[in-house]
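# Geometric and topological summary
Below are the chains, spelled out letter by letter.
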2 protein chains.
Amino acid sequence: MSNQTYEYEELCEHLRELLAERNVAEIRQELCKMNSFDTAEFLTDLREENENLMVLAFLLLSKEQGAEAFAELDTPEQELIINSISDSQLGSIIEEMYVDDAVDLMEELPANVVKRVMRAATPETRKLINQYLKYPENSAGSIMTAEFIDLKKYMSVRESIARIRRIGEDKETIYVCYVTSGDRKLEGVVTVKDLLLHDDDDEISGIMDTNVIFAHTTDDQEDVADLISDYDLLAVPVVDKEDRLVGIITVDDVIDVIEEENTEDMDKMAGILPSDTPYARSPVVELWKNRIPWLLFLMLSATLTQMVMTHYETALAAQAVLTAYIPMLMGTGGNSGSQASTAVIRSLSLGETETKDVLKVLWREIRVAVLCGVTLACVNFVKLLLVDRMLLNNAAVTIPVALTICVTLVFVVIFAKVVGCTLPMAAEKIGLDPAVMAAPLITTLTDTVSLLIYFRFAQMILRI
Amino acid sequence: MSNQTYEYEELCEHLRELLAERNVAEIRQELCKMNSFDTAEFLTDLREENENLMVLAFLLLSKEQGAEAFAELDTPEQELIINSISDSQLGSIIEEMYVDDAVDLMEELPANVVKRVMRAATPETRKLINQYLKYPENSAGSIMTAEFIDLKKYMSVRESIARIRRIGEDKETIYVCYVTSGDRKLEGVVTVKDLLLHDDDDEISGIMDTNVIFAHTTDDQEDVADLISDYDLLAVPVVDKEDRLVGIITVDDVIDVIEEENTEDMDKMAGILPSDTPYARSPVVELWKNRIPWLLFLMLSATLTQMVMTHYETALAAQAVLTAYIPMLMGTGGNSGSQASTAVIRSLSLGETETKDVLKVLWREIRVAVLCGVTLACVNFVKLLLVDRMLLNNAAVTIPVALTICVTLVFVVIFAKVVGCTLPMAAEKIGLDPAVMAAPLITTLTDTVSLLIYFRFAQMILRI
């Protein structure tokens, strides 16, 4: 995987040398070759060595390249640059940025820096940013951009192409154009492909697709991502409460949303509170804050298992051999449950399964659980008698003991899989995120129930 | 979230009625209104009620709409349709499909059906499909499509646009065009935006970007997804070993790759073998096959904890109260470890962390672990004395016992976090997928070590 005309590593090396020599003219020339993503990466690397060097390199970028690279940087680097440049330089960067990138920036920067940036922006840009900032976080409104191409249905293909040529330069996408009425209501969509494949004199009204897939400003960004991914779109138009077209969301922004939502799901499934800061950049105290709530809750809820164990203390003392198998039973229960919950959570999040399928899922998981439980029990029975009894010479592992352990195993797996698949679906049903019902919670629940099942069978089979 | 001119649910309802009446003319008319994604969904729903009805509805679609909807269907429905239509109908569907969709189909269908489909295709299509099938699964070659627009650098903008108008109809994207030399080597890239924003007489050689980001046919599809997402591209060109342009991968295919890879990571992290079949469609036996290997492995490796417990049996009998806290200690260790491993695995997969950062990550996790461990230990100490000793009236919970439990807690959390962050990075380093080193494996490891730490402190503090 590489670029055709420059090797990133080599170019960076060369640039570092030039920077050391302060060879301004040649640095400018070399920097021009880099695309904005690589430039941002280079600047971030530079910062690790020397903050001033990064700012210097940034100032040597052309105006346009600077704005593009700036949008690709992470907040700490952006802040550093903002604090090192003049108000007029800052102003021109903000004007060059797409509104959605500028809004992202405002949401991350500390309040005093935001004030300075807003002062540096033109009144129009300021108004636009302010308007966007009002949308709830993770809503379509908060990630949309206002830079789209609007056409009228009485335009001809020729007029439309002329309009695209005139205003297209700054738009996030020119390939999908939106047809609006006089009062800015969305009437249709037409792609550049449609325009190119029709005659110059055809009217937009005859070409446009009136069957537009759109989102509302208040829709969840995840739903917008689903629309783009399901319908293979390049962009989705966003309308306000009065059905007026106010922005668009493009496919490249949606890829970021998908990755963000997946990270959030995985975090929740591991008992971590989701956070906007990527792991590699989170301060230690923030990581602690995100992790300690579930750890505390789960530790305290283990009081249940402890009460069960204390209750059966005397019985256990009579058959001490049973204690040694408790971790295995709990572990198998936890693993079985998290397999089921992960499969169901993912299936719900991809839209393959819906809450109304709960009985279907339950029936499927019960059958899988019986298969898994019986397989595990059989293997374990053989292992208990061959390895534990004969090889490890543990005379306490009698056939009734092995039987108790293996019968328990079957029921523990069934219980774990049933809980693992129903809890996430129940959460979805009552409007919670299914991912919070994942492994840690299910484990605590199955731990307690596993013990109860175990002691019950021990009483029945071993009469303890 | 909705469509402008039809409500999906209503239209489906109406179509069902028309199908019941066998009102062919009106069905055709109504079906035309649906886009291909919705049509596929409708057909899938129909199948659940009545397979013949689905085939009937499919046959009533226009040729083009049929091909599009067919590409959106899942394999079981595709197979059903293939088995119900004539060879000539099948042939025209295959010809209408994009090559990458046709290749996907071939990879999923049973061998005898593949033979029939291949016979129905024209020799050119057959050759193309065969050529694609040779690329390894999950490689760039296996997901690319041959339908791209190629230009020559001596063409003018006018000639280029004329070419796009002539051959653009069937291409997956017309918005990014590739400039190739006489021997099909990739020389540059030019977007329709570039074309529209330049004069009709300008020559491509002066407009094209020679700094092309491309992939090789053998590259992993995940790397291609990263390219598209990092550089915000609509498509990536794919070249063969001789640097000849052989296909492109578009952003909509990449979204599917991203979701697929995320599902795979989550499955692995939950101890499920990854599978190409979505959960909702997997037969019970397949689910069992994907889940039982890790369950078996983890159950058998719990022999370690069991051996530790047996070894300390007599000591435990002297301080029976200690047994009740084993599940809590193991649970907390498991949860702490899976938090660390999930965070690191995700960070590696998003490219935010690299294996060379291992010491940085380790140092960060140790600090988080100390913070978490101490917090948990303090809360637990208070809880042991106030709740367990006073409220639950368990006289065996003395201050030395509480101390043993809480000191163990601190060290268990530290050990779990260290293992949780290093194992995935070590896996990545030696070329394995870090996700296989996730929760289940780390839990088994921390379980055993937790017990050893616990009994060691019990010996030191309680002299058992």
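Rules and cut-offs
For every chain, the first residue of its written sequence is number 1, and the numbers climb from 1 along that sequence. Just so you know, chain letters begin at A and ligand numbers begin at 1, following the order they were written in. With the structure being a predicted model, the display of local features is reserved for residues of pLDDT at least 70 and the display and counting of side-chain atom pairs for 80 or more, all residues being used for whole-chain, interface and lining totals. Side-chain measures were taken over the full set of non-hydrogen atoms in the model, leaving aside hydrogen atoms and water. The secondary structure listing takes helices from DSSP runs of H or I that are at least 4 residues long and strands from runs of E that are at least 2 residues long, numbered from the N terminus. The quantity called the radius of gyration is restricted to C-alpha atoms. Its globule counterpart is 2.2 Å times the number of residues to the power 0.38. Residue exposure (1.4 Å probe, protein chains only): buried if accessible area is under 20% of the type maximum, exposed if over 50%, otherwise partly exposed. Per-residue confidence from the predictor is reported as pLDDT, a score between 0 and 100. Only heavy atoms matter for contacts: two residues are in contact if any of them lie within 4.5 Å across the pair. A 1.4 Å probe defines the accessible area here, and the buried area is the portion of it lost by two parts on being joined, summed over both. Here a salt bridge means any side-chain nitrogen of Lys or Arg lying within 4 Å of a carboxyl oxygen belonging to Asp or Glu. Two strands are said to pair when DSSP picks up at least two bridges between them. Between N-to-C directions, angles span 0 to 180 degrees; the directions come from axes that are lines fitted to C-alpha atoms, helices contributing only their stretch in contact. The superposition of copies rests on a least-squares fit of C-alpha positions from residues with pLDDT of 70 or more in both. Should an angle fall under 35 degrees it is called roughly parallel, over 145 degrees roughly antiparallel, and 65 to 115 degrees roughly perpendicular, with every other angle called oblique. Should the near helix be turned anticlockwise from the far one by less than a right angle, the crossing is termed left-handed; should it be turned clockwise, right-handed. Cavity and pocket criteria rest on a 1 Å grid covering protein atoms alone: a 1.4 Å probe that fits but cannot get out defines a cavity, protein on both sides within 12 Å along at least 5 of 7 lines defines an open pocket, and an atom within 4 Å of a point defines a lining residue. Grid points are joined across faces, edges and corners, and a volume is the space filled by probe spheres set on the points. Following the grouping adopted for this structure description, the nonpolar residues are Ala, Val, Leu, Ile, Met, Phe, Trp, Tyr, Cys and Pro, the charged ones are Asp, Glu, Lys and Arg, and the polar ones are all others, Gly among them. What is meant by a nonpolar core is a set of buried Ala, Val, Leu, Ile, Met, Phe, Trp, Tyr and Cys residues, joined one to another through side-chain atoms within 4.5 Å. In this scheme, a helix's expected span is set at 1.5 Å multiplied by one less than its residue total.

### What about the overall build of chain A?
The number of helices and strands found in chain A is 23 helices and seven strands. Against the 2.2 N^0.38 benchmark of 23 Å for 464 residues, chain A shows a C-alpha radius of gyration of 30 Å, more extended than a compact globule. With the principal axes as the frame, chain A shows a C-alpha extent of 90 × 60 × 45 Å. When the 464 residues of chain A are sorted by exposure, 55% land in the buried category.

### Description of the confidence of the model for chain A
The predicted model of chain A averages 86 in pLDDT, with 98% of residues at 70 or higher. This complex was scored by the predictor with a pTM of 0.76 and an ipTM of 0.76.

### Considerations on the interface of chain B and chain A
The parts lose accessible area when they come together, and the size of an interface is often stated as this lost area. Each partner contributes residues to the interface: chain B has 122 residues there, and chain A has 123 residues. Together chain B and chain A conceal approximately 11,000 Å² of surface at their shared face, both sides included; 63% is due to carbon and sulfur atoms. The interface formed by chain B and chain A contains six salt bridges. Residues Arg165(B) and Asp200(A) are paired through a salt bridge, measuring 3.4 Å at the closest nitrogen-oxygen approach.

### Remarks on the sheet that holds strand 2 (residues 149–151) of chain A
Residues and elements named next belong to chain A. Ordered by their spatial adjacency, three strands build an open sheet running 2-3-4, and the pairing between neighbours is mixed. Taken across any chain shown, the strands that pair with only one partner, and hence form the sheet edges, are strand 2 and strand 4 (186–191). Between one strand and the next, the sheet's axes are offset by a mean angle of 35°, whatever the strand orientation. The pairing of strand 3 (residues 176–180) with strand 4 spans five bridges and is antiparallel.

### Focus on the relation of the copies chain B and chain A
Expressed as a screw transformation, the operator carrying chain B onto chain A has a rotation angle of 180° and an axial translation of 0.1 Å, and the superposed copies differ by an RMSD of 0.2 Å. Between the two chains, the operation in question is that of a two-fold axis. Comparing interface residues between copies, 99% of those in chain B also lie at the interface in chain A; the contact surface is shared.

### What about helix 6 (residues 75–82) of chain A?
Residues and elements named next belong to chain A. The buried fraction of helix 6 amounts to six of the eight residues, a majority that puts the element mostly inside the structure. All of the buried residues along helix 6 are Thr 75, Glu 77, Gln 78, Leu 80, Ile 81 and Ile 82. Of the surrounding elements, those touching the buried residues of helix 6 are helix 3 (36–49), helix 4 (51–59), helix 5 (63–72), helix 7 (87–96), helix 8 (99–108) and helix 9 (111–120).

### Details of the packing of helix 1 (residues 8–21) of chain B against helix 3 (residues 36–49) of chain B
Residues and elements named next belong to chain B. Between helix 1 and helix 3, the shortest axis-to-axis distance is 11 Å and the interhelical angle comes to 50°. As the angle between them shows, helix 1 and helix 3 are arranged oblique. Viewed along their axes, helix 1 and helix 3 form a crossing whose handedness is right-handed. Side by side, helix 1 and helix 3 meet where Tyr 8, Cys 12, Leu 15, Arg 16 and Leu 19 of the first sit next to Asp 38, Glu 41, Phe 42, Asp 45, Leu 46 and Glu 49 of the second.

### Overview of empty space enclosed by the protein
Tallied over the full model, the rule gives three cavities of 30 Å³ or more. Reported here for the second largest cavity is a volume of approximately 100 Å³. What lines the second largest cavity is Glu222(A), Ala225(A), Asp226(A), Val257(A), Ile258(A), Glu261(A), Asn262(A), Asp265(A), Ser349(A), Leu350(A) and Glu259(B). If you list the elements that add at least two residues to the lining of the second largest cavity, you get helix 15 (221–231) and helix 16 (251–269) of chain A. Classifying every residue of the lining of the second largest cavity by side-chain character gives four nonpolar, two polar and five charged.

### What about the nonpolar core?
Membership of the largest hydrophobic core comes to 134 residues, with the highest contact counts inside it found for Phe42(A), Ile94(A), Phe42(B) and Ile94(B). Apart from the residues lying within four places of it in its own chain, the contact partners of Ile94(A) are Leu105(A), Met106(A), Val117(A), Ala121(A), Thr125(A) and Ile129(A). Judged by nonpolar contacts, the second largest core, of 94 residues, contains Val308(A), Leu409(A), Ala324(B) and Leu362(B).

### Points about the pairing of strand 7 (residues 245–250) of chain B
Residue and element names in this part refer to chain B. Here strand 7 lies mainly inside the structure; six of its six residues are buried. Of the strand pairs in this sheet, strand 6 (residues 235–239) and strand 7 are connected by five bridges, and their pairing is antiparallel. The residue of strand 7 that forms the bridge with Val 238 is Gly 247. Counting the residues that bridge the hairpin from strand 6 to strand 7 gives five residues, and of these Asp 243 lies at a positive phi of roughly 65°.

### A few points about the environment of Leu392(A)
Its place among the elements puts Leu392(A) in the loop between helix 21 (358–391) and helix 22 (399–429). We classify Leu392(A) as partly exposed; its relative accessible area is 36%. Those residues in contact with Leu392(A), other than ones at most four positions away along the chain, are Val387(A) and Met307(B).

### Observations regarding the sheet that holds strand 4 (residues 186–191) of chain B
All names here are of chain B. One open sheet holds the three strands; their spatial order is 2-3-4, and the pairing between them is mixed. Single-partner strands in this sheet number two, and they are strand 2 (149–151) and strand 4. With direction set aside, neighbouring strand axes in the sheet form an average angle of 35°. Strand contacts of helix 12 (residues 157–167): strand 2 and strand 3 (176–180), with the helix running at about 155° to strand 2, the strand carrying the most contacts.

### Points about helix 20 (residues 326–349) of chain B
All names here are of chain B. In this model, helix 20 (24 residues) spans 34 Å end to end at C-alpha, consistent with the 34 Å of a helix rising 1.5 Å per residue. The buried fraction of helix 20 is high, at 22 of 24 residues. Once helix 20 finishes, Gly 351 follows within two positions and takes phi at roughly 75°, a positive value.

### Some thoughts on unusual backbone geometry
Despite not being glycine, Asn393(A) has its phi angle at roughly 65°, a positive value. With respect to the helices and strands, the residue Asn393(A) is situated in the loop between helix 21 and helix 22. Taking the relative accessible area as the measure of exposure, Asn393(A) reaches 64% and is therefore exposed. One non-glycine residue, Asp232(B), adopts positive backbone phi at about 50°. Tracing the backbone through its elements, the reader meets Asp232(B) in the loop between helix 15 (221–231) and strand 6.

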